[in-house]
Amino acid sequence: MKLTLRLLPVLAGLIFITGCDKKSASTSATPAAPAPVKLGYLVKQPEEPWFQYEWKGAEAAARKHGFELVKLGVQDGEKVMTALDSLVAGGVQGFVICTPDVRLGPAIVARAKLKGLKLITVDDRFVSADGKFMSEVPYMGMSASKIGEAQGQSLYAEMQQRSWPVAETAVCAVTFEELDTARERTDGSVAALKAAGFPADRIFKAPQKTTDVPGSFDAANILLTQHPEVKRWLVLGMNDTAVLGAIRATEGRGFAAENIIGIGINGTDCIDELRKTKPTGFFGSMLVSAPSEGFKTSEMLYHWVKDGTTPPPDTRTTGILITRANFEQILRQEGIIE
Ligand code: FCA
């Protein structure tokens, strides 16, 4: 049973790829026709809208350049390795990956080399056994510290806008420090709050065990229990999901929405929240363009495979604040909503 289940993704990959081969066979009657370019796009959390929008961007690049795209969810190390084997079996020449664990980097690079696959990392940068970034693997991701700083500055500005007494306010920083991009974001945010004058002894960390809503809900809930004296909370975290879980925790403990200011990061995983007719404590998000990350990484990979153009080693993306007031307009311009 276990074996059968484990083989399913491989079989699914083979069926998909067989379908693709039929198409290429009918068009490759002329021997000189170049091999079609096939690329993979592997993400750690396919259920998160952020990654679905990255895929959307990658699909747009595939349409523009005429390559085939294989999208796979890889929630753990075993799924990554199985996915690589099925990609190779299907004639894929390279892949973009947001890995489920950055410490898998050396193993993924070794497997890719062995199989002759080109690879670009997105969002979560590979880390080698000595804890250093694997700078030899091309990477595209957020300017994490800067985006975090903007989150912290925006929280402070909104607190001032509401004339909240600092003595009654505290910061709930939902953290996931084992992931560098997450730690850089929350460190940047906390540093900006301190630089703006928010007292350091009223900034509390709530470490999340898992990077989903239940994970941040649990983390924030513990913190809220420890600090019943706090009347108003500023909430920050590495992404929208981290902040959303904490917002749900404040609601569970009876805080009114007007006593909470939460600002997320991504801008893609909070659309339903911002659309709610009754505003919640989720004030806004630092929007980063997921579709353009998906488009650019897969376009770079395409040129690398097709023309041998090596991608730049480290490309960073920036963010802007979206709130209830402007999110529809900005997300439409970004192509995230219709
Ligand atoms: C990490 C997070 C995602 C997104 C991405 C850019 O992978 O888990 O939510 O923020 O960085």
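Predicted, not measured: the structure shown is a model, and the values here were computed from it.

Student: Any chance you could explain the overall build of the protein here in plain terms?
Tutor: A count of helices and strands for the protein gives 11 helices and 12 strands. A globule of 338 residues ought to have a C-alpha radius of gyration of about 20 Å, and the protein, at 22 Å, matches this closely. Counting only C-alpha atoms, the protein reaches 75 × 40 × 40 Å along its principal axes. For the protein, the proportion of its 338 residues judged to be buried stands at 52%. Residue pairs at least 24 apart in sequence account for 73% of intrachain contacts in the protein once pairs closer than 6 positions are excluded. Here the protein holds 38 positive side-chain charges and 39 negative ones, and the gap between their average locations is 2 Å.

Student: What is the right way to read the side chain of Glu293 from this model?
Tutor: Residue position: Glu293 is located in helix α10 (residues 290-307). Although Glu293 is buried, it forms no salt bridge, and the closest oppositely charged side chain is Arg185 at an N-O distance of 7.3 Å.

Student: Where do I start with the sheet that holds strand β1 (residues 38-43) in this structure?
Tutor: Backbone hydrogen bonds hold the strands of a sheet together, and the pairing may be parallel or antiparallel. Judged by pairing direction, the sheet is parallel, and its six strands sit side by side in the order β2-β1-β3-β4-β5-β11 without closing on themselves. This sheet does not close on itself; its edge strands, each paired only once, are β2 (68-73) and β11 (314-317). Here the average twist between neighbouring strands, direction ignored, is 15°. With two bridges joining them, strand β4 (residues 118-122) and strand β5 (residues 139-142) adopt parallel strand pairing. Bridging from a neighbouring strand, Val122 pairs with Met140 of β5. Sitting on the sheet, helix α3 (residues 77-89) is in contact with β1, β2 and β3 (94-98), with an inclination near 160° to β2.

Student: Would you mind going over the pattern of salt bridges with me for this structure?
Tutor: Opposite charge on two side chains lets them pair, provided their charged atoms get close. Under the criterion given, the structure shown has 19 salt bridges. Two residues, Asp314 and Arg316, come together in a salt bridge whose shortest N-O distance is 2.7 Å. Residue Arg316 is classed as partly exposed on the basis of its relative accessible area of 36%. Connected through salt bridges with shared partners, the residues Arg248, Glu251, Glu273 and Lys276 form a single ionic network.

Student: Got a minute to help me understand unusual backbone geometry in this structure?
Tutor: It is generally the case that most residues other than glycine have a negative phi and that most peptide bonds are trans. Even without a glycine there, the phi angle at Asp123 is positive, about 70°. The topology assignment puts Asp123 in the loop between β4 and β5. Residue classification places Asp123 among the buried positions, given a relative accessible area of 5%. Its identity is not glycine, yet Ser163 carries a phi of approximately 50°, on the positive side. Tracing the backbone shows Ser163 in the loop between α5 (144-161) and β6 (169-175).

Student: Hey, could you run me through the layout of surface pockets in this one?
Tutor: Picture a little ball the size of a water molecule; that probe, rolled over the atoms, points out where space is still empty. As a volume, the largest pocket reaches approximately 310 Å³. Lining of the largest pocket is provided by 17 residues; of these, Lys44, Pro100, Asp101, Phe176 and Thr211 occupy positions nearest its centre. The class makeup of the residues in the lining of the largest pocket is five nonpolar, five polar and seven charged.

Student: So what exactly am I meant to see when it comes to empty space enclosed by the protein here?
Tutor: By the definition in use, this model includes one cavity of 30 Å³ or more. Lining the largest cavity are 14 residues; nearest its centre among them are Lys44, Glu48, Phe51, Arg185 and Asn239. Taken together, the elements giving at least two residues each to the lining of the largest cavity come down to α2 (49-65) and α6 (180-196). For the lining of the largest cavity, the per-class residue count stands at five nonpolar, four polar and five charged.

Student: What is the right way to look at the packing of aromatic side chains in this model?
Tutor: Any pair of aromatic rings gets described here by the distance separating the centres and the angle formed by the planes. What the rule picks out here adds up to two aromatic pairs. Measuring from centroid to centroid gives 5.3 Å for Phe67 and Tyr302, while their planes differ by 25°, and the two rings are stacked. Here Tyr302 lies in helix α10 and Phe67 lies in the loop between α2 and β2, a separation of 235 residues in the sequence. With respect to class, Phe67 is no different from Tyr302; both count as buried.

Student: For this particular structure, what's the right way to read the site of the ligand?
Tutor: Lining the immediate environment of the ligand, one finds Lys44, Glu48, Trp50, Phe51, Cys98, Asp123, Asp124, Met142, Arg185, Met238, Asn239 and Asn266. In this structure, Asn266 approaches the ligand through a side-chain N or O atom, which is 2.6 Å from an oxygen atom. Here the ligand has 290 Å² of accessible area as a free molecule, and 100% of this is covered by the chains. The cavity where the ligand resides is the largest cavity. Grouping the constituent residues of the shell around the ligand by class yields five nonpolar, two polar and five charged.

What counts, and where the lines are drawn
Residues numbered from 1 in each chain as written. Predicted model: local features only at pLDDT ≥ 70, side-chain atom pairs only at ≥ 80, totals over all residues. Heavy atoms only, no water. Helix = DSSP H or I, 4+ residues; strand = E, 2+ residues; numbered from the N terminus. Rg over C-alpha atoms; globule rule 2.2 N^0.38 Å. Buried < 20%, exposed > 50% of the residue type's maximum accessible area, 1.4 Å probe, protein only. Contact = heavy atoms within 4.5 Å. Lys, Arg positive; Asp, Glu negative; His and termini not counted. Charge placed at Lys NZ, Arg CZ, Asp CG, Glu CD. Salt bridge = Lys/Arg side-chain N within 4 Å of Asp/Glu carboxyl O. Pairing = 2+ DSSP bridges. Axes fitted to C-alpha atoms, helices over the stretch in contact; angles between N-to-C directions. 1 Å grid on protein atoms, 1.4 Å probe; cavity = no way out; pocket = protein on both sides within 12 Å on 5 of 7 lines; lining within 4 Å. Points joined across faces, edges and corners; volume = space filled by probe spheres on them. Nonpolar A, V, L, I, M, F, W, Y, C, P; charged D, E, K, R; others polar. Phe/Tyr/Trp six-rings, centres within 6.5 Å; stacked < 30°, edge-to-face > 60°. Near = heavy atom within 4 Å. Polar contact = N/O pair within 3.5 Å; in protein donor to acceptor, adjacent residues only side chain to side chain. Areas by Shrake-Rupley, 256 points an atom, 1.4 Å probe, with all protein chains shown as cover. Sits in = over half its atoms within 2 Å of the grid points.

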